[in-house]
Amino acid sequence: MGHFGGKIKVVEIIIKFMFMKKIIVSALFFVFCALPVLAADDSGAIGGVSNPGILPDSPVYFLKNWGRALSQFFTFDTVKKAELELKFVNEDTLALKKLCEADKCDLAEKLAQKFEKKINKVMERVEKAKEKGKDVEAITEKLKENYTRQQEVLLRVWEKAPEQARKGLTNALENSKVKLEGVVEKVQGPEKKNELKNQLKEQSDKQIQKRVLPSNQNKAPSKAAPSASPSTKANEE
């Protein structure tokens, strides 16, 4: 009877533990999802993400990291985990934009380094999933689409960022772009890689023209229009 009673006690402890864990996860999920409304971004979305959530300069930013860690812990499939982390990168890209709009571009260099690290991690997961024989065509397409939008947003941030931060943004974009081109070549072949390369270059060139031409129409041409993308300009410096 005593042995049986001991088993009941163990079961009760396990049930209580599972119940408490569910409460903690639910509470963190609520905080993680509810607080970002205070920092909503209405200027555009990346991959369906329009809200950057809690910003990195917030004293409760650690709650966001906790929520992300829990989400990652309970996501076991490699492709699903890559999709989840891509969503986080989209949020971080919009957060960087929002910080610069609030005249906090001094954080751009540090956040650009984190962007590069996180987006590269997503790509590595896609590569590993490919090696395991998983179908990664859909996630690769999503990665390409999201990255194109990420570049667009980060180039806007680049325009407002201080010189040192610009260099960090340039390096992050250049390095991650090369990594993405390699992933696309492995998954979809060299033709798709070249298409992506041309698309990203065309997007960068268009953004530079949009920035330069209106100012040249309204002002005397005191400065020559840049003939290169931000990355090329930084390299020349």
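All of these numbers come straight from a predicted model, not from anything done at the bench. (Residues numbered from 1 in each chain as written. Predicted model: local features only at pLDDT ≥ 70, side-chain atom pairs only at ≥ 80, totals over all residues. Heavy atoms only, no water.)

K.L.:
Would you mind going over the overall build of the protein chain with me for this structure?
P.N.:
Looking only at helices and strands, the protein chain features 8 helices and 0 strands. By residue count, 40% of the 237 residues in the protein chain fall in the buried class. For the protein chain, the proportion of contacts with a sequence separation of at least 24, taken over those separated by at least 6, is 71%. A total of about 14100 Å² of accessible surface is found on the protein chain, and carbon and sulfur atoms cover 58% of it. (Helix = DSSP H or I, 4+ residues; strand = E, 2+ residues; numbered from the N terminus. Buried < 20%, exposed > 50% of the residue type's maximum accessible area, 1.4 Å probe, protein only. Contact = heavy atoms within 4.5 Å. Areas by Shrake-Rupley, 256 points an atom, 1.4 Å probe, with all protein chains shown as cover.)

K.L.:
Explanation requested: a positive patch on the surface in the structure shown.
P.N.:
The grouping of Lys-110, Lys-114, Lys-117, Lys-121, Lys-128 and Lys-132 at the surface amounts to a positive patch. Note on placement: Lys-114 falls in helix H4 (residues 108-131). The class for Lys-114 is partly exposed, based on a relative accessible area of 39%. (Patch = residues over 30% accessible without salt bridge, like charges linked within 9 Å, V, L, I, M, F, W, Y side chains within 5 Å. Salt bridge = Lys/Arg side-chain N within 4 Å of Asp/Glu carboxyl O. Lys, Arg positive; Asp, Glu negative; His and termini not counted. Charge placed at Lys NZ, Arg CZ, Asp CG, Glu CD.)

K.L.:
I tried to follow the packing of H4 against helix H6 (residues 163-188) on my own but got confused; where do I start?
P.N.:
Between two packed helices, the angle of one axis relative to the other and the distance separating the axes together describe the packing. For the pair H4 and H6, the least separation of the axes is 8 Å and the interaxial angle reads 5 degrees. With respect to H6, the axis of H4 lies roughly parallel. (Axes fitted to C-alpha atoms, helices over the stretch in contact; angles between N-to-C directions. Parallel < 35°, antiparallel > 145°, perpendicular 65-115°, else oblique.)

K.L.:
In this structure, what is going on with the state of the cysteines? I would like to understand it.
P.N.:
Every disulfide links exactly two cysteines, by a covalent bond between their sulfur atoms. Summed over the entire model, instances satisfying the criterion amount to 1 disulfide. With a sulfur-sulfur separation of 1.7 Å, Cys-100 is cross-linked through a disulfide to Cys-105. Disulfide Cys-100 to Cys-105: torsion about the S-S bond roughly 125 degrees, handedness right-handed. Its relative accessible area of 8% is what places Cys-105 among the buried residues. (Disulfide = S-S within 2.5 Å.)

K.L.:
Looking at this structure, how should I read the packing of aromatic side chains?
P.N.:
Each aromatic ring pair is characterised by the separation of its centres together with the angle its planes make. One pass over the full model with this rule turns up 2 aromatic pairs. Judged by centre distance (5.1 Å) and plane angle (90 degrees), the rings of Phe-73 and Phe-74 are edge-to-face. The class of Phe-74 is partly exposed, set by a relative accessible area of 39%. Between the NZ or CZ atom of Arg-166 and the centre of the ring of Trp-158, over which it lies, the distance is 4.2 Å. (Phe/Tyr/Trp six-rings, centres within 6.5 Å; stacked < 30°, edge-to-face > 60°. Lys NZ or Arg CZ within 6 Å of the ring centre and 35° of its normal.)

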